[in-house]
Amino acid sequence: MIDPQRSTPENLVARVRAVLPSLTPSAQIIARLILDDPATVARSTITELSAASATSEATIVRTARVLGFSGYAQLRLALAAAAATRQGPDRLVPGDLAPDDPLSDVIAKVTQAEAEAIEDTAAQLSPERLGEVVDAITGARRIDVYGVAASGLVAADMSQKLLRIGLSAHAFTDAHLALTSAVLLRAGDVAVGVSCTGETPDVLEPMRRAHKAGATTVAITNNPRSALAEVCDHVLISAGMESAFRPGALASRISQLLIVDYVFVGVAQRTSEVSNGALRATRDAIEHFVTESRPRGRKPS
């Protein structure tokens, strides 16, 4: 359970937004009330909130527990702190972009969504959880990363970064190749699954196979209650939300890419001597290639 004295307004908001898509319709009503007006919820008894939300008291208690609290009373303490420090305009909710929004509003809303994705991802990621993943990757024989579509771009970014510091890292965006890779992993290897929903079959099945083969499994997902989160040893939660106008939105990718950068920097720190040498070698090789392949001017006749 979460200590209400250590729960900050930022990570409470991040936690609510992270679990929102996976909640039942009744629990989503409560979660949206928390996001929209934490002060009112904090002042409400469980009976009052039940009446205001047209949900049962049992649903309210279950929602509090999903958010990491022992019950509604503990959630109210954290909400009171959140309400006391809340500043600025209301946060965006999924679908906040409208078909008739002027481009000035599009710029403002998308920018706010991306900024919130970064803030929320940072707020809910514990150094201890990140450290466990960094440890696993630092000592891995092989790191395979699975992702498709927009998450496939994140998988490619992660493998490229780890490769640049001398680790054996590979990205798989094809389900058949991912399954081939997964069944050949073993203890001491790491498999990373990237999926916004945590329910993508092309990612989920290879991760199940990798876990069965004995590899350490890591999820990067927006949904802490997903099937992917359940099958993995370690779960890193990204916070970007998608909407009808922004499927595969930058907010989702940027929060996933932020986690990749956290992991990369952590691994590079743990292996600084090797990683610095690998970065120099790869940079020199690329610079030499670019220089040598550049067209040279003709000599004057």
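Quantities reported herein were computed from a predicted structural model and do not represent experimental measurements. Per chain, the residues get numbers from 1 upward, laid out in the order the sequence is written. Residues qualify for local features only when their pLDDT is at least 70, as the model is predicted, and side-chain atom pairs are given and counted only at 80 or more; totals for whole chains, interfaces and linings, by contrast, use all residues. Only heavy atoms go into the side-chain values, all of them from the structure, while hydrogens and water stay out.

Turning next to the packing of helix H10 (residues 175-183) against helix H11 (residues 201-213). Where H10 contacts H11, the axes come no closer than 8 Å and their chain directions differ by 10 degrees. By the angle between their directions, the pair H10 and H11 is classed as roughly parallel. Contact residues: Ala-175, Ala-178, Leu-179, Ala-182 and Val-183 in H10; Asp-202, Glu-205, Pro-206, Arg-209, Ala-210 and Ala-213 in H11. Broken down by class, the residue content of the contact of H10 with H11 amounts to eight nonpolar, no polar and three charged. Helix axes are fitted to C-alpha atoms over the stretch in contact, other axes to C-alpha atoms as well, and angles between N-to-C directions run from 0 to 180 degrees. Secondary structure follows DSSP: runs of H or I at least 4 residues long count as helices, runs of E at least 2 residues long count as strands, and numbering of each begins at the N terminus. Should an angle fall under 35 degrees it is called roughly parallel, over 145 degrees roughly antiparallel, and 65 to 115 degrees roughly perpendicular, with every other angle called oblique. Note on contacts: a residue pair is in contact if any heavy atoms of the two residues lie within 4.5 Å. Note on residue classes: Ala, Val, Leu, Ile, Met, Phe, Trp, Tyr, Cys and Pro are nonpolar, Asp, Glu, Lys and Arg are charged, and everything else, Gly too, is polar.

Turning next to unusual backbone geometry. A positive phi angle is found at Ala-54, which is not glycine, with a value near 55 degrees. Burial classes: relative accessible area under 20% of the type maximum marks a residue as buried, over 50% as exposed, and values in between as partly exposed (1.4 Å probe, protein chains only). Judged by relative accessible area, which is 70%, Ala-54 ranks as exposed. Residues other than glycine seldom take positive phi values, yet Ala-149 does so here, at roughly 55 degrees. By secondary structure assignment, the location of Ala-149 is in helix H9 (residues 149-164). For Ala-149, a relative accessible area of 69% puts it in the exposed group.

In this section: a nonpolar patch on the surface. Nonpolar side chains (Val, Leu, Ile, Met, Phe, Trp, Tyr) within 5 Å and like charges within 9 Å form the patches, drawn only from residues with over 30% relative accessible area and no salt bridge. In short, Shrake-Rupley with a 1.4 Å probe defines the accessible areas, and a residue's cover is counted only from the protein chains shown. Salt bridge, as applied in this entry: a Lys or Arg side-chain nitrogen positioned within 4 Å of an Asp or Glu carboxyl oxygen. A cluster of nonpolar side chains, Ile-286, Phe-289 and Val-290, forms an exposed patch at the surface whose accessible area comes to about 290 Å². Along the chain, Phe-289 falls in helix H14 (residues 272-293). The exposed category is assigned to Phe-289, whose relative accessible area is 57%.

This paragraph deals with the sheet that holds strand E2 (residues 169-172). By way of backbone hydrogen bonds, the strands of a sheet pair with one another, either parallel or antiparallel. Read from one edge to the other, the open sheet built from five strands follows the order E2-E1-E3-E4-E5, with strand pairing classed as parallel. Taken across any chain shown, the strands that pair with only one partner, and hence form the sheet edges, are E2 and strand E5 (234-237). On average, adjacent strands in this sheet sit at an angle of 20 degrees to one another, irrespective of strand direction. For strand E3 (residues 190-195) and strand E4 (residues 216-221), the ladder comprises six bridges, and the chain directions are parallel. By the bridge assignment for E4, Val-190 is matched with Thr-216. Each of strand E1 (143-146), E2, E3 and E4 touches H9; the most contacted strand, E2, lies at about 165 degrees to it. Here H10 sits on the sheet and contacts E1 and E2; the angle it forms with E1, its principal contact strand, is near 150 degrees. Any two strands with at least two DSSP-identified bridges between them are counted as paired.

To continue, consider the environment of Ala-14. As for its position among the elements, Ala-14 is in helix H1 (residues 9-19). Judged by relative accessible area, Ala-14 falls into the buried class, the value being 1%. Put simply, Ala-14 and Leu-35 are 21 residues apart on the chain and 9.7 Å apart in space, counted from C-alpha to C-alpha. Beyond its immediate sequence surroundings of up to four residues, Ala-14 is in contact with Asp-120, Ala-123 and Gln-124.

To continue, consider the pattern of salt bridges. One pass over the full model with this rule turns up eight salt bridges. In this structure, Arg-270 and Asp-135 form a salt bridge, with 2.1 Å as the shortest nitrogen-oxygen distance. In this pair, Arg-270 sits in helix H13 (residues 250-270) while Asp-135 sits in helix H8 (residues 127-138), placing the two residues 135 residues apart along the sequence. Residue classification places Arg-270 among the partly exposed positions, given a relative accessible area of 46%. Among the residues examined, Asp-135 registers a relative accessible area of 47% and is labelled partly exposed. The shortest N-O distance in the salt bridge between Lys-161 and Asp-157 comes to 2.9 Å.

What you see with E5 is no split at all: His-234 and Leu-236 on one side and Val-235 and Ile-237 on the other are buried throughout. By the bridge criterion, four bridges tie E4 to E5 in an arrangement that is parallel. Within the sheet, the bridge partner assigned to Val-218 lies in E5 and is His-234.

Where helix H4 (residues 46-53) meets helix H5 (residues 57-66), the axes come as close as 9 Å, and the angle between the chain directions of the two elements is 105 degrees. Taken together, the axes of H4 and H5 lie roughly perpendicular to each other. Contacts between H4 and H5 involve Ile-46, Thr-47, Leu-49 and Ser-50 from the first element and Glu-57, Ile-60 and Val-61 from the second. Looking at the contact of H4 with H5, its residues break down into four nonpolar, two polar and one charged.

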